[in-house]
Amino acid sequence: MTWIDGPLLGFDTETTGVNPFRDRIVTAALVGRGAHGTEERTWLIDPGVEIPEQAAAIHGISTEHARAHGMDPRTALAQISNELTAAMARNIPVVAYNAAFDLTIIERELERHRLPTIGERLGRPLAPVLDPLVIDRGVDRYRKGKRKLVDLCGHYGVQESGALHTADVDVAATLDVLAAQAQVHPQIIERSLVELHEWQSAKHREWATGFNEWRTRKGLDGPGAGLEWPLHTVEEGAPAAKTA
């Protein structure tokens, strides 16, 4: 048996926008998979701010709905971070598509609400993390086409079980893509979790450096891609958007 046999903890958020330093979490999902089956937990949160129409059009949660039915953010964030911290402390991989967005936004949300961050509670960097987007770029960097979650589902033959941009559906699809990647690229499961985490960090930096150089050649403005993974610590280097 290898780490792909579990346990694994999938994680996803839907938010008020695409800046993980300034925007807020609206919904979150954690899906645990392992030998004993699948367990799922979801949260609807009142972010305490207006949810822009553009964001609501993507995930379907309006300001009015969140205010009427959402949890207090401090309570929800404490519950979510408890689960993530416990998993990482036990060396259970947290699996997230474009993980740097979701992990950065929850750490910043915890700071905003004066709660201990996951990193503070662990006393070390966040790990182990598995990111199918980073893995895909690492094993097949020069493949043409987009790499949104829906694109990876198509590439790896994963049938989505519902509408993407719903946190629980996105988590299930992300876990399924990871399983398919392990079948297509068995070299990733030959690495230990420590090795694979470090490999992803290096591959992300390699991709981001190349992407930013391309932006410079094109004369594009803006900060470009952050070099850090799986957590951005400087807003200037935050990813431009979360895609699914």
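Quick caveat: nothing in here was measured; it's all calculated off a predicted structure.

### A few points about the nonpolar core
Here is a general trend for soluble globular proteins: nonpolar side chains tend to be buried in one another's company.
(1) Moving on: Grouped together as the largest cluster of nonpolar side chains are 31 residues, with contacts concentrated most on Phe11, Ile80, Leu84, Met88, Leu103, Ile106 and Ile118.
(2) Moving on: When residues of this core are traced back to their parent elements, those giving at least two are strand S1 (8–15), strand S2 (25–34), helix H3 (73–89), helix H4 (99–112) and helix H5 (118–122).
(3) Moving on: With seven residues, the single largest contributor to this core is H4.
(4) Moving on: Dropping the residues within four chain positions of it, isoleucine 80 is found in contact with Phe11, Ala28, Leu30, Trp43, Ile45 and Ile106.
(5) Moving on: If you look at the next biggest cluster of nonpolar residues, it comprises 16 residues, including Leu8, Ala29, Ala167 and Ile188.

### Here's the deal with unusual backbone geometry
(1) Moving on: For the peptide bond that leads from glycine 6 to proline 7, omega is 5°, which places it in the cis range.
(2) Moving on: Note on placement: proline 7 falls in the segment before S1.
(3) Moving on: Although it is not a glycine, asparagine 98 sits at a positive phi angle of roughly 55°.
(4) Moving on: For asparagine 98, the location among the structural elements is in the loop between strand S4 (94–95) and H4.
(5) Moving on: Phi is positive for arginine 114, which is not a glycine, with a value near 55°.
(6) Moving on: Summarising the element assignment, arginine 114 is placed in the loop between H4 and H5.
(7) Moving on: Relative accessible area serves as the criterion here: at 75%, arginine 114 is assigned to the exposed category.

### Re the pairing of S2
(1) Moving on: With respect to burial, S2 is a largely interior element, eight of its ten residues being buried.
(2) Moving on: Sheet topology note: the S1/S2 ladder contains eight bridges and is antiparallel. The partner of aspartate 12 across the bridge, within S2, is alanine 29.
(3) Moving on: Alignment of S2 against strand S3 (residues 37–44), held across eight bridges, turns out to be antiparallel. Paired with alanine 29 across the strands is threonine 42, a residue of S3.
(4) Moving on: Between S2 and the antiparallel strand that follows it, S3, lie two residues.

### So, the sheet that holds S4
(1) Moving on: Taken in spatial order, the five strands make up an open sheet running S3-S2-S1-S4-S5, and their pairing is mixed. Among the strands making up the open sheet, the edge pair consists of S3 and strand S5 (129–130).
(2) Moving on: Strands in contact with H4 are S1, S2 and S5; relative to S1, the strand with the most contacts, it is inclined by about 70°.

### Focus on helix H9 (residues 193–218)
(1) Moving on: Spanning 26 residues, H9 covers 37 Å between terminal C-alpha atoms, matching the ideal 38 Å at 1.5 Å per step.
(2) Moving on: Taken together, the buried positions of H9 are occupied by Leu193, Leu196, His197, Trp199, Gln200, His204, Trp207, Ala208, Asn212 and Arg215.
(3) Moving on: Count one or two residues on from H9 and you reach glycine 219, which has phi positive near 75°.

### Considerations on the packing of H3 against H4
(1) Moving on: Two elements in contact, H3 and H4, have axes separated by 11 Å at closest approach and are oriented at 125°. Here H3 lies oblique to H4, going by the angle between them. Judged by the sense of rotation from one axis to the other, the crossing of H3 with H4 is left-handed. Here Leu77, Ile80, Ser81, Leu84 and Met88 of H3 come into contact with H4, specifically with Leu103, Ile106, Glu109 and Leu110.
(2) Moving on: Residues belonging to the contact of H3 with H4 are distributed by class as follows: seven nonpolar, one polar and one charged.

The rules we used
Residues numbered from 1 in each chain as written. Predicted model: local features only at pLDDT ≥ 70, side-chain atom pairs only at ≥ 80, totals over all residues. Heavy atoms only, no water. Core = buried A, V, L, I, M, F, W, Y, C linked by side-chain atoms within 4.5 Å. Buried < 20%, exposed > 50% of the residue type's maximum accessible area, 1.4 Å probe, protein only. Helix = DSSP H or I, 4+ residues; strand = E, 2+ residues; numbered from the N terminus. Contact = heavy atoms within 4.5 Å. Pairing = 2+ DSSP bridges. Axes fitted to C-alpha atoms, helices over the stretch in contact; angles between N-to-C directions. Expected span 1.5 Å × (residues − 1). Parallel < 35°, antiparallel > 145°, perpendicular 65-115°, else oblique. Left-handed = near helix turned anticlockwise from the far one by under 90°. Nonpolar A, V, L, I, M, F, W, Y, C, P; charged D, E, K, R; others polar.

Interpretation in functional terms is not warranted from these geometric data alone.
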